[in-house]
Every structure is written in C-alpha cells, then in structure tokens.
Amino acid sequence: MSLTQQEKAEELIEAFSFFEEWEDRYGYLIDLGKELPAMPEVLKTEESQVQGCQSKVWVVAKTSQGDGQSHIDLLVDSDSAIVKGLIAILWQVSSGYAPQEILAFDIEGLLKRLDLEEHLSMNRRNGLYSMIQRIRSLAVQGA
Amino acid sequence: MSTNTLTQPKKKTFDVEKVRKDFPILSQLVRGKKPLVYLDNANTTQKPKCVINTLVRYYREYNSNVHRASHYLGSKADHAYEKGRHKVQNFLKARHFEEIIFVRNATEGINLVAQTWGRRNVDKGDEILVSAMEHHANIVPWQMLCEERGATLKVIPMSDSGELDLEAYEKLLTPQTRLVGLVHMSNALGTVNPIKEMIATAHKQGIPVLIDGAQSAYHMSIDVQELDCDFFVFSGHKLYGPTGIGILYGKRELLEVMPPWMGGGDMILTVSFDKTTYNDLPFKFEAGTPHIEGVIGLGAAIDYLNGLGMENIAKHEAELMAYGTEALAQVPDLKMIGTAKHKASVFSFMLGEIHPQDVGTILDMEGIAVRTGQHCAHPVMQHFGISATVRASLACYNTRAEIDALVQGLHKAHRFMG
Ligand SMILES: Cc1ncc(COP(=O)(O)O)c(C=O)c1O
C-alpha cells in the first residue's frame, strides 16, 4: 500500500479546493462514487445494508493479513449517486487499512474540511452516519 | 352560537408580492447565496409576521395559565384562548364552539377518536374503512384499534391517476362498517377527494365519517356543516400557525357520548378518591395545561387567512398549479405521480432514473426546498411500485418565478445526473 490515510485525505482536500461552484464539487463527488470497485449484486443483502431512510447503502468487509498485520478491505455501494460519492470518500480513507488506523481516523473532521458535513446531520436521510458507525464496528470486529 | 352565514368571497385582488412581505423567513438567502424557494409547504408552512408577533406579545404581555388564574393576566389569557376556539369554529363553520377540541396535531385528533369513540363502538368482526391514499396518521391508529378489538381494516382502492374507486367504495360499506376515515386532500398525490358525496353515501347506511383535513384546511374553505362530516382534524402548523396545536372537530352529539381519553386537570368537574366527574365539552378532552400560545397563534393565523380570503388563496394556488403542471411537463423524463382531475397544490414526481434524494440535494443546493421520500404514505408508494418521489407543494406565498426556478433546478439535475 502506498499512501497513508492522511495523505489520501490531503489529496481529497486539495482536489475539492479547486472547485468554487457546488456543481463542480458535486460532479467530482459523483465521479468518485463511479470509480468505486463494483459491488456484486449478490452481496447486497439485508445484512450488508446499512440503515438509511431513503437511499439504500451497503457495505461488506473482508479482513486479510499482509505486511505482518491485518487490514480491512471494504466494498461499498448506494442507489443514490451523491451518497455513493460520500461513501467513496469513506472508502478511500478506510479500505485497505488496519482496524486501529480506521478507528483512529477523524472522518467527521475530513468531511468538515471538504465542506460536506451537512450530509452527516442528514443521517436519517442518507445513511452516511450509520455507514461510518458500521465501518467502525466492522473495524472493531476485525481488530 | 350559530355561524351558518356564509362569508362571501372578498372581491379583493390577491397581490402575492404583498403577501410575501408578510413572511419574514422568505427573504433570506440559502447558504448566503441563493434566494430561498420554499416548496415544502405540505410538510409545514411558514408563519406570517402577525402570528410571530402574537406569540411574542403573549409572552411579553399576558402569559398566564388558563382556566385557573384569578387575576388580570389570567383573565386576559383566558379571553384570548377561548377567542381562539371561536375563530376555529368560524373557520370550520362549526355549529357549536364546544365541537372544537384542541389537540397537538391532526395525528393526535385521529388517535383521540380511535381511542375513545373507537374503543366504545368497535368490536370483534367490525370493520373500519380507509382509503388507499391515507397518510400513516389515518392508518396506524385504526390498525392499532382493530388489533385490540379484533376488527378489520378495509381499504378503498384507487386508480393509477390517484383517484378513489367510488363504486368499490359503495360495495365496501357493509353492515359491519363502523367508521370511514378519509383524507380530504392527499399529501402524497395532491388528489382532492369528493368527500361530500362520499360522506353522504356512508350516512345512507348510518356510518360516521372522519375527515383528515391536514392538507385541505389551508388550501380551500371548509364548511363542516355543509360537508356533514362527523369528525374533521387538521394541524395548526400547516395552516401558517404554530406547531404543537391541532384541531379535532366532532359533532356535539358524538363527542358528548365519547368517554374522555386522558385524565388530569381541566377535564374534571370534581375529584375524590371514590369518584371523579368529568367536565363538559370541550374541556372533557383537554387534560392538563393546554398549548395556550399555540391556540392564540392559530387564531392569529386564521385572522390572517380570513384577511386574504380562502377563495383568493385557492384561486391563486390553482393558477400556479396549472402553470406548474404545464411547465413541469417540459422537463425531460419527468413523470408525475398523481394526475387526478381534481387536485391541488402538490406536484409529486420522479425524474428519470435519478434517485429522488439526489434530485432533492441538487434542488437544495439551488436554494429550493422540496421534500423527497415516501411522505408518510408507504401504501401509496407501494401502489405505484416506487420507493420515493420528489414533492414540491404550494402555499399562498409562492410565485410563478419560483415554479420557474424549480423547473430550471430540475433541468440542471437532469443534465447533472441524467
Ligand atoms: C394528509 C395528512 N394527514 C395527516 C398528517 C399529519 O399531520 P401532523 O404530523 O401535523 O399530525 C399530515 C402531515 O403531513 C398529512 O399530510
């Protein structure tokens, strides 16, 4: 693995800082979602679905060993393009990292710096907040 | 007190720009950038200055408990509070002031009827009939009652345009039917149901009808005597008034024989540990300190609406509705959900394959407030085989320019995500 979570976060912050208009920011966000590795339909089960009121959100985790420590690989998806972009950001700074690293990372802080934290308070609507909780509990199980 | 006299529609012209000036919240910029376009009125409406000022004045000048305080402030509060009841009575054109019961919202009004009238009149094998387009507020209380009493909830089907099947309705009225619960105007589809005829049909068999007027009360003038409904509920917060105050209207002869629901202060005449006697209507159903400023504020909202004239509001909104229906038809891939012939102030739709929530997010970035989701009407969504819609809903202060902004926002969403 090449970049640390912090380096990835800085990359995202820099990329988002180029955009002045919300259209560009959200366009980029949606593109991030499109670049996610595809989640096979069979994995979209009741178990992998995270509680969100309107949009559907799924996550599955696989723990593997490498470099002498365990890390967690995630697959995530949503039926909403914007929520998919938001969870792509979570994915970028979570998937492939050690459980302790995932737990230690300040994801709310990152969303705030990306000016996307409004979406966190809309958790009932978009499931983003529940997604963060789910990834953390998956990390606890994998630790 | 009889208020049978029909107030003639005022021949005033309706100036929407002037109306907008009465609503301080409307002049703001969303996120400091885009002018607010508020089209989530079916959810709750904004409040005119006169309502806000009335609430402030109450707390600054005569805050006091009602029905209990024997002093200057108390009598002022009492007076304003009971005047609120008369304003609601006149607004609904109810025959008697004691037919107006203060509750928290439309939902509580329905629950009160289910828990008191329902428990007394519904038994094993009986049926309650509701329509396929009810809000959860007019489904769940009846389901709870049916479960408790061993009764059955029956449903009047609707067509794909969102209109009730009146033939099926007649057949569904049986000797077992104890009550019909009907939404006057659907929050999810905008359909205005022919409730007057439907009430008459039920009455032919002696079946009482409860009307959920949460959506209709602020769009059209209501006359409960002319409708001859047995119960009518609405919420103050949708009628440009405060939250936390709602109205249950019931015919006096029905309310009189209904047992009280909640016990406590105000609803009693005498209390001893052996026996308690209950107060008269309407107080029998109003236990505890009520939402005093809510009642007074609702009265101010009603004064405001009377000033504008409900007929004028209905006409203004109907014009906007026609304009919007045409304008939205030009948006590519827009599919309107609910195309009833008689429909008011609600546009519920899908935009191609785009998730309604994403449409809502993009409109929000443009300063346009709509609601997305299932609108507390899961069965309606199930009927149309969809998981959610985008809903834009109108109020008296909306303009053609705002419809234009919505249309532009939708074009943008379509380009952006389509
Ligand atoms: C048709 C209808 N009935 C009932 C309700 C419930 O209103 P409240 O939540 O104020 O009780 C609503 C509110 O959206 C509604 O639209």
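Throughout this document, residue positions are counted from 1 along each chain, in the order its sequence is written. The order in which chains are written sets their letters, starting at A; the order in which ligands are written sets their numbers, starting at 1. pLDDT decides what is reported in this predicted model: residues at 70 or higher carry local features, side-chain atom pairs at 80 or more are listed and counted, and totals for whole chains, interfaces and linings draw on all residues regardless. Neither water nor hydrogens contribute to the side-chain values; these are computed over all heavy atoms in the structure.

## A closer look at the overall build of chain B
Inference 1: Secondary structure elements follow DSSP: runs of H or I no shorter than four residues count as helices, runs of E no shorter than two count as strands, and numbering proceeds from the N terminus. Secondary structure summary: chain B contains 14 helices and 17 strands in total.
Inference 2: Based on C-alpha atoms, the radius of gyration is set beside the globule rule, defined as 2.2 Å times the residue count to the power 0.38. The globule rule puts the C-alpha radius of gyration for 418 residues at 22 Å, and the 22 Å found for chain B is close to it.
Inference 3: Across its three principal axes, chain B shows a C-alpha extent of roughly 70 × 55 × 40 Å.
Inference 4: Three exposure classes are used, based on accessible area relative to the maximum for each residue type with a 1.4 Å probe and protein chains only: buried under 20%, partly exposed in between, and exposed over 50%. Within chain B, the fraction of its 418 residues that count as buried is 58%.
Inference 5: The contacts in chain B between residues at least 6 apart in sequence include a share of 73% that link residues at least 24 apart.
Inference 6: Using a 1.4 Å probe, the Shrake-Rupley method yields the accessible areas, and only the shown protein chains count as cover for residues. In the structure as shown, chain B presents an accessible area of about 17,500 Å², 52% of it carried by carbon and sulfur atoms. The contact definition used throughout considers only heavy atoms, calling two residues in contact when any of these lie within 4.5 Å.

## A word on the domain arrangement of chain B
For interface size, the figure often reported is the accessible area lost on association.
All names here are of chain B.
Inference 1: Note: domain ranges come from an automatic or database domain assignment. As far as domains go, chain B holds domain 1 (3-47 + 309-417) and domain 2 (52-306).
Inference 2: Relative placement of domain 1 and domain 2: their C-alpha centres are 26 Å apart.
Inference 3: Contacts between the two partners involve 47 residues from domain 1, matched on the other side by 42 residues from domain 2.
Inference 4: Once two parts are brought into contact, the accessible area they lose, counted with a 1.4 Å probe and summed over both, makes up the buried area. Across the interface of domain 1 and domain 2, roughly 3,400 Å² is buried in total on both sides, 54% from carbon and sulfur atoms.
Inference 5: For this document, the term salt bridge refers to a Lys or Arg side-chain nitrogen within 4 Å of an Asp or Glu carboxyl oxygen. The tally of links from domain 1 across to domain 2 stands at 0 salt bridges.
Inference 6: Polar contact is defined as a pair of N or O atoms within 3.5 Å, subject to the rule that within protein one atom must be able to donate a hydrogen and the other to accept it, and that residues adjacent in sequence are counted only when both atoms are side-chain atoms. Taken together, the connections running from domain 1 to domain 2 amount to 29 residue pairs in polar contact (both at pLDDT 80 or more).
Inference 7: Broken down by secondary-structure element, the contributors of at least two residues to the side of domain 1 that touches domain 2 are helix H11 (310-329), strand E14 (346-351) and helix H13 (378-384).
Inference 8: With 6 residues, H13 is the single largest residue contributor to the side of domain 1 that touches domain 2.
Inference 9: In this count, Pro and Cys sit with the nonpolar residues alongside Ala, Val, Leu, Ile, Met, Phe, Trp and Tyr, while Asp, Glu, Lys and Arg are called charged and the others, Gly among them, polar. In the side of domain 1 that touches domain 2, the residues fall into 22 nonpolar, 17 polar and 8 charged.

## Structural notes on the site of the ligand
Residue and element names in this part refer to chain B.
Inference 1: Each residue is tested against the molecule or strand, and it is near if at least one of its non-hydrogen atoms lies within 4 Å. By nearness alone, 13 residues border the ligand, and Thr 107, Asp 212, Ser 235, His 237 and Lys 238 come closest of all.
Inference 2: Between the ligand and Asp 212 there is a distance of 2.5 Å, counted from a nitrogen atom to a side-chain nitrogen or oxygen.
Inference 3: For the ligand, an oxygen atom lies 2.7 Å from a polar atom in the side chain of Gln 215.
Inference 4: Protein burial of the ligand: of its 390 Å² of free accessible surface, 90% is covered by the chains.
Inference 5: Taken together, the residues of the shell around the ligand sort by class into 4 nonpolar, 7 polar and 2 charged.

## Points about the packing of helix H2 (residues 49-62) of chain B against helix H3 (residues 72-92) of chain B
Residue and element names in this part refer to chain B.
Inference 1: At a minimum axis separation of 10 Å, H2 and H3 run at an interaxial angle of 160°. As the angle between them shows, H2 and H3 are arranged roughly antiparallel. Residue-level inspection shows Tyr 58, Glu 61 and Tyr 62 of H2 in contact with H3, the latter providing Leu 73, Lys 76, Ala 77 and Ala 80.
Inference 2: Of the residues in the contact of H2 with H3, the class split is 5 nonpolar, no polar and 2 charged. Axis angles are defined between N-to-C directions and span 0 to 180 degrees, where every axis is a line fitted to C-alpha atoms and, for a helix, only to the segment in contact. Each angle is binned into one of four classes, with values under 35 degrees roughly parallel, values over 145 roughly antiparallel, values of 65 to 115 roughly perpendicular, and all other values oblique.

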